[in-house]
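Overview (structure and organization)
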Amino acid sequence: LRVVKFRRTGESSRSDEDVISGEHEIQIEGVRTELEPIELEDGAAVPKEFANPTDDTFMVEDAVEAIGFGKFQWKLSVITGLAWASNYAMEMMILSILAPQLHCEWRLPSWQVALLTSVVFVGMMSSSTLWGNISDQYGRKTGLKISVLWTLYYGILSGFAPVYSWILVLRGLVGFGIGGVPQSVTLYAEFLPMKARAKCILLIEVFWAIGTVFEVLLAVLVMPTLGWRWLLILSALPLLLFAALCFWLPESARYDVLSGNQEKAIATLKRIATENGAPMPLGKLIISRQEDRGKMRDLFTPHFRWTTLLLWFIWFSNAFSYYGLVLLTTEFFQAGDVCSISSRRKEVKAKCSLTCEYLTEEDYTDLLWTTLSEFPGVLVTLWIIDRIGRKKTMALSFFVFSFCSLLLFLCVGRNVLTVLLFIARAFISGGFQAAYVYTPEVYPTATRALGLGTCSGMARVGALITPFIAQVMLESSVYLTLVVYSGCCLLAAVASCFLPIETKGRGLQESSHREWGQEMVGRGSHSPGVTRSNSGSQE
């Protein structure tokens, strides 16, 4: 037997003796499917299923940390990224391409064009909590597969919509399916060791950029010849590839443990160990069965109440500011600078509301550059998130965005305007990814998917409201609009600092704070005579 030492970084409520001990040892063996029978002194054989060379116990967190990052996680990264690119980035990017096309082709008034975008966010907002509940109740893989197939079905049907009312309903149903995409992050995070978790989740943003770039390039090829219907159909086809790859995806071992399915959890962990060429911990896997999962009230227990409320505001502010900046960028660039935007808006009012312009090659190029501007934000966030922590990273991102918004008061020229907008977008997108890292880490397995789902739902509320600020309020006052965005992000920075839990250097919680003591009692009752030194720390 080899002995591997690693530091447990699990739950925050451990005894003082545990903290003092610092490290613990776990005996591990090379991966094997069954144990050999052993002989007793009197010659009687012990059956294989009862032959356990150690009385030690371990949790899923222990196994994930011991197995480490390897071939399995690389495959999972690609599949999760495919979901992010095809089911999220591409479908969201279509909104900026489809709206002006239908505005011209069907002669839609401006409010109907805006409604075409808003209905997608309404669908996402209304379904995010539902997908989170399904993932907590029936499994992460189940919720993700259903949402992907849902989006695929209605995405293809959208290409056959005969009239405006049909495409409005169908795009709303597509948004309903997209609301389940964040659950891919939940499944992904639960298979990642602590040191790799933040970096891997942040790098998913790369797939967002790949998806948006691919969608723009697809539009350049398809729109002039085949039209928007084929664009919608072809954009949904990558989801078919992800749906096929879903059969390779295992269910989360953490979820299986919580639902009492010990054999399935062990089989999943052995599969990961085999693919990574790493050893499995010996001993008995601790079961923390919890039937009452995915309940909204669990987000408002005394331990999580303030965390939930502050996170809802942080996610709201993230989407409110991010999508607001996207809308403002177009307005500012068309005006040339901030000071002349009011006069330009007055000129536009005099035009017919049905006046339309098809997207040009230059417009598609601008879309590509705007997308690529998010890479610096991801790189900065990647560099600082494990150095200063999740809370400070989010606070810094909001503060930089707020500061750049205030600098726009100076009536800067086109070049400086471009720099400020790109810096603001880089940091707000990085802050968004930091929230995606923090949220799955802060909630226990029983409510992790629901917590992420409700936060995603609040983000869609922000995305719904922001057009009324970035477009309607902008007509009245540019400076009031900038004050709203700057003030909102300043408050979000303060909210990030007041989050009660820092998850940097901490493992994913298997169960709620309240139940940890019961788990530790369970360890003793299931493993008599264990002389194991557990340690934990909250950093």
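Remember, it's a predicted structure, so these values are computed and weren't measured experimentally.

1. Some thoughts on the overall build of the protein
- When you go through the protein residue by residue, the secondary structure sums to 20 helices and 7 strands.
- Every one of the 539 residues in the protein was classed for burial, and the buried ones make up 57%.
- Only carbon and sulfur atoms are counted for the fraction: they give 65% of the accessible area of the protein, which is about 22,400 Å².

2. Let's talk about the packing of helix H3 (residues 71–105) against helix H9 (residues 228–245)
- For the pair H3 and H9, the least separation of the axes is 10 Å and the interaxial angle reads 170°. Taken together, H3 and H9 sit at an angle that is classed as roughly antiparallel.
- When its residues are assigned to classes, the contact of H3 with H9 shows 17 nonpolar, 4 polar and 2 charged.

3. Describing a nonpolar patch on the surface
- Nonpolar side chains collect at one region of the surface, where Tyr153, Leu157 and Phe160 lie side by side and expose about 330 Å² of accessible area between them.
- Within the secondary structure, Phe160 is located in the loop between helix H5 (140–158) and helix H6 (164–178).
- The class for Phe160 is exposed, based on a relative accessible area of 55%.

4. Some points on the nonpolar core
- By size, the foremost hydrophobic cluster in this structure holds 130 residues, and its most contacted members are Tyr88, Ile167, Phe242, Trp315 and Tyr436.
- The element that contributes the greatest number of residues to this core is H3, accounting for 15 residues.
- The contact partners of Trp315, leaving out residues within four places of it in the chain, are Phe432, Ala435, Tyr436, Thr439, Leu452, Cys455, Ser456 and Ala459.

5. A short note on the pattern of salt bridges
- Summed over all chains, the structure comprises 7 salt bridges.
- Salt-bridge contacts for Arg390 lead to Asp386; the nearest nitrogen and oxygen are separated by 2.7 Å.
- Given the relative accessible area of 1%, Arg390 is considered buried.
- Of the charged contacts in the structure, one is a salt bridge between Arg390 and Glu441, with a shortest N-O distance of 2.9 Å. Of this pair, Arg390 sits in helix H16 (residues 390–407) while Glu441 sits in helix H17 (residues 414–442), placing them 51 residues apart in sequence.
- Through salt bridges with shared partners, one network takes in Lys199, Asp386, Arg390 and Glu441.

6. A word on H3
- Counted at 1.5 Å a residue, the expected span for H3 with its 35 residues is 51 Å, and the 49 Å between its end C-alpha atoms agrees.
- Ile97 marks where H3 bends most, by close to 30°; the proline Pro100 follows one to four residues later.
- For H3, a buried count of 29 out of 35 residues is recorded, marking the element as mostly surrounded by other parts of the structure.

7. Re the packing of aromatic side chains
- In total, this model carries 19 aromatic pairs according to the counting rule given.
- On the numbers, 5.6 Å between centres and 80° between planes, the contact of Phe300 with Trp312 is edge-to-face. Of this pair, Phe300 sits in the loop between strand S7 (284–285) and helix H12 (305–335) while Trp312 sits in helix H12, and the two are 12 residues apart along the sequence.
- For the ring pair Tyr322 and Tyr323, a centre distance of 5.1 Å and an interplane angle of 90° mean the geometry is edge-to-face.
- Aromatic ring contacts, followed pair by pair, group Trp84, Phe121, Trp315, Tyr322, Tyr323, Phe432 and Tyr436 into a single cluster.
- Above the face of the Trp248 ring, Arg271 is positioned so that its terminal group lies 4.9 Å from the ring centre.

8. Description of the packing of helix H2 (residues 60–67) against helix H11 (residues 262–276)
- In the contact formed by H2 and H11, the axes pass within 10 Å of each other and the chain directions differ by 5°. Relative to H11, the element H2 lies roughly parallel. Touching Val60, Ala63, Val64 and Ile67 of H2 are Leu269, Ile272, Ala273 and Asn276, all from H11.

9. Structural notes on the side chain of Lys141
- Within the secondary structure, Lys141 sits in helix H5.
- Despite being buried, Lys141 has no salt bridge partner; Glu251 is the closest side chain of opposite charge, sitting 7.2 Å away.
- Setting aside chain neighbours within four positions, we find Lys141 in contact with Cys246, Phe247, Leu249, Pro250 and Glu251.

10. Section: the environment of Tyr188
- With respect to the helices and strands, Tyr188 occurs in helix H7 (residues 183–189).
- When its relative accessible area of 2% is taken as the criterion, Tyr188 is described as buried.
- With 13 residues separating them along the chain, Tyr188 and Ile201 place their C-alpha atoms 8.0 Å apart.
- Those residues in contact with Tyr188, other than ones at most four positions away along the chain, are Gln73, Leu76, Ser77, Thr80, Cys200, Ile201 and Ile204.

11. So, the environment of Thr268
- By the secondary structure assignment, Thr268 is in helix H11.
- Each C-alpha atom, one on Thr268 and one on Ser252, is 8.0 Å from the other, the two residues being 16 residues apart in sequence.
- The residues contacting Thr268, other than those within four sequence positions of it, are Phe191, Pro250, Glu251, Ala253 and Asp256.

12. Remarks on the confidence of the model for the protein
- For the protein, per-residue confidence averages 74 on the pLDDT scale, and 75% of positions sit at 70 or higher.
- Counted against residues more than four places away or in other chains, residues 348–354, with its pLDDT under 50, gives 7 contacts.
- Segment residues 513–539: pLDDT under 50, and 60 contacts once partners within four positions in sequence are set aside and those in other chains are kept.

13. Let's talk about the environment of Ala446
- Assignment of secondary structure puts Ala446 in the loop between H17 and helix H18 (448–476).
- For Ala446, a relative accessible area of 3% corresponds to the buried category.
- In sequence terms Ala446 and Arg254 are 192 residues apart; their C-alpha atoms lie 9.1 Å from each other.

Scoring rules and cut-offs
- Residues numbered from 1 in each chain as written.
- Predicted model: local features only at pLDDT ≥ 70, side-chain atom pairs only at ≥ 80, totals over all residues.
- Heavy atoms only, no water.
- Helix = DSSP H or I, 4+ residues; strand = E, 2+ residues; numbered from the N terminus.
- Buried < 20%, exposed > 50% of the residue type's maximum accessible area, 1.4 Å probe, protein only.
- Areas by Shrake-Rupley, 256 points an atom, 1.4 Å probe, with all protein chains shown as cover.
- Axes fitted to C-alpha atoms, helices over the stretch in contact; angles between N-to-C directions.
- Parallel < 35°, antiparallel > 145°, perpendicular 65-115°, else oblique.
- Nonpolar A, V, L, I, M, F, W, Y, C, P; charged D, E, K, R; others polar.
- Patch = residues over 30% accessible without salt bridge, like charges linked within 9 Å, V, L, I, M, F, W, Y side chains within 5 Å.
- Salt bridge = Lys/Arg side-chain N within 4 Å of Asp/Glu carboxyl O.
- Core = buried A, V, L, I, M, F, W, Y, C linked by side-chain atoms within 4.5 Å.
- Contact = heavy atoms within 4.5 Å.
- Expected span 1.5 Å × (residues − 1).
- Bend = angle between axes of the 7 residues up to and from the residue.
- Phe/Tyr/Trp six-rings, centres within 6.5 Å; stacked < 30°, edge-to-face > 60°.
- Lys NZ or Arg CZ within 6 Å of the ring centre and 35° of its normal.
- Lys, Arg positive; Asp, Glu negative; His and termini not counted.
- pLDDT = per-residue confidence, 0-100.

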